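Notes for the structure review
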Amino acid sequence: MSVTSGAYQLEFDPERQLLVVRMTGLWDSSTVRSYRTALVAQISSLKAGGRFPATIGALVDLREQAILPKDTAEAMQEVTENEWPTSNPAAVILSPSKIQKSQTGRMSVRLQNIAFFTEEQEALAWLKGYFAA
């Protein structure tokens, strides 16, 4: 299952057992609501296939996403806290922005297995190593 909107793309890569999430642009509360709906549907689809969350990693690419306004960041934190499995490994790719890394870190504080990268290949290597261990 793949979902694409103007602000995000969610795609499951079965070969790598990886949920790839790419976010772009400046988000508002309606974008967050749309994303939440798409994320819940994607996770439900993966759960129905018996794969999620134990065997699936996530790669969240924020390089093209703007820094979120405070209320939007708070809404995204709620999505992360309520919809994302805490034990699921996730690698986050960020732009070099320290503000974005700080904001994303606050939104992801309850996740157990998360790492931040600036390059996609580094993130993929980390995820591969996580599952190999």
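The notes below deal with the structure included here. (Residues numbered from 1 in each chain as written. Predicted model: local features only at pLDDT ≥ 70, side-chain atom pairs only at ≥ 80, totals over all residues. Heavy atoms only, no water.)

The N-to-C vectors of helix 2 (residues 70–83) and helix 3 (residues 98–107) enclose an angle of 45°; their axes lie 8 Å apart at closest approach. In terms of axis orientation, helix 2 runs oblique to helix 3. Of helix 3, the residues touching helix 2 (which contributes Ala 73, Met 76, Gln 77 and Thr 80) are Gln 103, Arg 106 and Met 107. A breakdown of the residues in the contact of helix 2 with helix 3 according to their chemical character gives three nonpolar, three polar and one charged. (Axes fitted to C-alpha atoms, helices over the stretch in contact; angles between N-to-C directions. Helix = DSSP H or I, 4+ residues; strand = E, 2+ residues; numbered from the N terminus. Parallel < 35°, antiparallel > 145°, perpendicular 65-115°, else oblique. Contact = heavy atoms within 4.5 Å. Nonpolar A, V, L, I, M, F, W, Y, C, P; charged D, E, K, R; others polar.)

Tracing the chain through its elements places Ala 7 in the loop between strand 1 (2–4) and strand 2 (8–13). With 16 residues separating them in the primary sequence, Ala 7 and Met 23 have C-alpha atoms 5.7 Å apart.

As summarised here, the arrangement of the six strands in space is 1-2-3-4-5-6, forming an open sheet in which the pairing is mixed. Pairing within the sheet leaves two strands with one partner each, and these edge strands are strand 1 and strand 6 (114–117). Across the sheet, the mean angle separating the axes of adjacent strands is 15° when strand polarity is ignored. Pairing of strand 1 with strand 2, which is carried by three bridges, proceeds in the antiparallel orientation. By the bridge assignment, Val 3 is partnered in strand 2 with Leu 10. (Pairing = 2+ DSSP bridges.)

Quick look at the nonpolar core now. Ranked by internal contacts, the top residues of the largest apolar core, which has 29 residues, are Trp 27 and Tyr 35. Mapped by element, the contributors of at least two residues to this core are strand 2, strand 3 (18–25), helix 1 (29–48), strand 4 (57–65), helix 2 and strand 5 (90–93). At six residues, the largest contribution of residues to this core is made by helix 1. Among residues more than four places away in sequence, those in contact with Tyr 35 are Tyr 8, Leu 10, Val 21, Met 23, Trp 27, Met 76 and Val 79. Core analysis: the second largest hydrophobic core is formed by ten residues, Leu 18, Val 20, Leu 59 and Ala 123 among them. (Core = buried A, V, L, I, M, F, W, Y, C linked by side-chain atoms within 4.5 Å. Buried < 20%, exposed > 50% of the residue type's maximum accessible area, 1.4 Å probe, protein only.)

Let us now look at the side chain of Gln 103. Relative to the helices and strands, Gln 103 is located in helix 3. A relative accessible area of 8% means that Gln 103 is categorised as buried.

A few words now on the pattern of salt bridges. Summed over the entire model, instances satisfying the criterion amount to eight salt bridges. Two residues, Asp 61 and Arg 63, come together in a salt bridge whose shortest N-O distance is 2.7 Å. With a shortest N-O distance of 3.3 Å, Glu 120 and Arg 63 are connected by a salt bridge. Taken together, the residues Glu 120 in helix 4 (residues 120–132) and Arg 63 in strand 4 connect sequence positions 57 residues apart. Via salt bridges that share partners, Arg 22, Asp 61, Arg 63 and Glu 120 belong to a single interconnected network. (Salt bridge = Lys/Arg side-chain N within 4 Å of Asp/Glu carboxyl O.)

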